[in-house]
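The residues making up each chain are set out below.
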Amino acid sequence: MLLDKTIAELTAGLRGKQFSSEELVLECYSAIEKLNPKLNAFITIVDKKEVLAQAKEKDKQGTRDKGALYGIPFVLKDSYVTRGIRTTAASKVLGDYIPQYNATVYQKLLDSGAILLGKMNMDAWGHGGSTENTDFGPAKNPWDTTRVAGGSGGGPAVAVATRMGAFAISEDTGGSIRNPAAWCGITGLKVTYGRVSRYGCIAYASSFDTVGPTAKSAEDCAYVLEAIAGRDPYDATSSPREVPVYSKTLKKDIRGLVIGMPKEFYSEGLDGEIKQAIVQASKVLEQAGAKIKEISMPLFDYGLAIYYVIGPSETSSNLGRFDGIRYGSGRTRFTEETMRRIMVGTYGLSAGYYDAYYRSAQKGRTLFIREYEKALSQCDILLMPVMPTPPTKIGELVSDPLKNLLADVYTTSQNPVGVPSLAIPCGFTKINLPIGMQLVGKMFSESILLNVGYQYQQLTDWHTRKPV
Ligand code: GLN
């Protein structure tokens, strides 16, 4: 399959006219037509004829002087507004809302010549970790369709794993890029807060939300990040820091790099096969010259509580605008899970409980930022699990809201801090379900994470395995 190739190989192939963008698009649509009815990854598929016409136009213009994503087909989580294309955030509250403008990330990809194939299934408003809290039916895991794909960006991850698109843009507030990447066997990058503009990304928790790539490898994520990162006048929280050429530093030697493994993460609660796979991965990194160091993060357990007070507080405020007047349907269309979060957040922010919940959580957040600073002063990056278990059965998490939240223990702690994290495949369970690990770095250290991810993927082939 052409879509098995890396983005760099696809670009080289297009430049050398070994194949056309039209062929890439056709290959994606044949995967979509064959697999999407079973996997339910898309909420909206862009009209094939329209997309083919765009691809032909790109082929006609030629790729000379064009960037790495020119003529490459991709998909977007349905949390990004797209002018003229239905945008739902997987909620019927938005109905068939057609935005008047483009999210910055989408506009940047259009400007670089990438081609949009569709808008992807997710947990409504980003609320969830399994793509079951959606008004469009759950997305299925391509490795075992009785299991969930992870979430909230289940649809984008399924599309990349099954080659329905060359890469995807997802959104991570507390794991929504990394969780489905781990459960679908692909690579996903949660960027530093502010690295990529959030303009036009339907807000879940504004101080946690990040916009980032999901792709087949760390190398592919580097190319996508180069195209989407940077200051945006429409988002005051976007960083003015220069955007490094991430693809240029992938091959750097990682000898001497110190990788911290916080001992708290490898104790109770973590599935045995996942633990084993990550320990094995640490040995591979050691072979590449890195040094593994055991460290301690005693406050780690508080991360989940901090996240699940501040996240719902911010979302209760953000969702206030969906009042039934300006968009689609009324508030009664919110799902049970979303209602729960609005109620918890409103409660935590209310005058009588503000000090006990919201203010305490914000103080905890400051301590937590220091906890990460301390941990990252003893090493260059941290190695952690992504999910405590392999992908769950459909229905398992939605029927047990507390279990649903606990599954986020490893992925919710980075967002209140703002640090970046790269999730990469590192093995399979005995019953052939993918396992992921995450590399967490200092603020704006994406180039180091992508460099380590790339080197690891040179020595292993987990990321090249496909479900179908
Ligand atoms: N699973 C987490 C939650 O439900 C993270 C979601 C996200 O990153 N959007 O809040």
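Coordinates for the structure precede this section.
All of these numbers come straight from a predicted model, not from anything done at the bench.

About the thresholds
- Residues numbered from 1 in each chain as written.
- Predicted model: local features only at pLDDT ≥ 70, side-chain atom pairs only at ≥ 80, totals over all residues.
- Heavy atoms only, no water.
- Near = heavy atom within 4 Å.
- Polar contact = N/O pair within 3.5 Å; in protein donor to acceptor, adjacent residues only side chain to side chain.
- Areas by Shrake-Rupley, 256 points an atom, 1.4 Å probe, with all protein chains shown as cover.
- Nonpolar A, V, L, I, M, F, W, Y, C, P; charged D, E, K, R; others polar.
- Disulfide = S-S within 2.5 Å.
- Buried < 20%, exposed > 50% of the residue type's maximum accessible area, 1.4 Å probe, protein only.
- Helix = DSSP H or I, 4+ residues; strand = E, 2+ residues; numbered from the N terminus.
- Core = buried A, V, L, I, M, F, W, Y, C linked by side-chain atoms within 4.5 Å.
- Contact = heavy atoms within 4.5 Å.
- Salt bridge = Lys/Arg side-chain N within 4 Å of Asp/Glu carboxyl O.
- Pairing = 2+ DSSP bridges.

Asker: What is the right way to look at the site of the ligand in this model?
Answerer: Close to the ligand lie 16 residues, the nearest being T173, G174, S176, Y204 and Y307. At a separation of 2.7 Å, an oxygen atom of the ligand approaches a polar backbone atom of G174. Contact with the protein chains hides 99% of the accessible area of the ligand, taken as 290 Å² for the molecule alone. The residue makeup of the shell around the ligand, split by class, is three nonpolar, nine polar and four charged.

Asker: Is there a simple way to explain the state of the cysteines in this structure?
Answerer: Think of a disulfide as a covalent bridge from one cysteine sulfur atom to another cysteine sulfur atom. Taken as a whole, this structure holds zero disulfides when the rule is applied. Free of any disulfide, C28 has its nearest neighbouring cysteine sulfur in C184, separated by 17 Å. In this model C221 remains outside any disulfide bridge; the closest cysteine sulfur is found in C184, 14 Å from its own. Looking at C221, the relative accessible area reads 0%, which means it is buried.

Asker: I would appreciate a short explanation of the environment of A114 in the present structure.
Answerer: By secondary structure assignment, the location of A114 is in the loop between α4 (104–111) and β3 (115–120). Along the primary structure A114 and P73 are separated by 41 residues, whereas in three dimensions their C-alpha atoms are 5.9 Å apart.

Asker: Would you explain the nonpolar core in this entry?
Answerer: General note: in soluble globular proteins, nonpolar side chains tend to be found buried as a group. Formed by 141 residues in total, the largest nonpolar core has its most connected members in W125, F167, I169, Y372, L382 and L450. With eight residues, helix α2 (residues 21–39) is the largest single contributor of residues to this core. Not counting chain neighbours up to four residues away, the residues in contact with Y372 comprise M297, F300, L382, M384, S413, Q414, V417, V419 and V440.

Asker: Which parts of the structure should I look at to understand the pattern of salt bridges?
Answerer: Side-chain pairs of opposite charge can arise whenever the charged atoms involved come near each other. This structure, assessed with the given rule, holds 19 salt bridges. Note that K430 and E273 form a salt bridge whose closest N and O atoms lie 3.9 Å from each other. Here the residue K430 occupies a position in the loop between β12 (421–428) and β13 (434–440), and E273 occupies one in helix α8 (residues 272–287), the gap between them amounting to 157 residues. Here E273 falls in the partly exposed class, since its relative accessible area comes to 24%. One network of salt bridges, in which partners are shared, links E336, E337, R340 and R341.

Asker: Can you walk me through the pairing of strand β11 (residues 381–385) in this structure?
Answerer: Within a regular beta strand, the side chains point alternately toward one face of the sheet and then the other, so they alternate between its two faces. Counting buried residues along β11, five of its five residues qualify, which places the element largely inside the surrounding structure. In β11, alternate side chains face the same way, and those of I381, L383 and P385 on one face and L382 and M384 on the other are all buried. Of the pairings in the sheet, the one linking strand β9 (residues 258–262) to β11 comprises two bridges and is parallel in character. Residue G260 lies in a different strand from β11, and its bridge partner there is L382. Bridge count between β11 and β13: four bridges; the pairing is antiparallel. Note that in β13 the partner of L382 across the bridge is V440.

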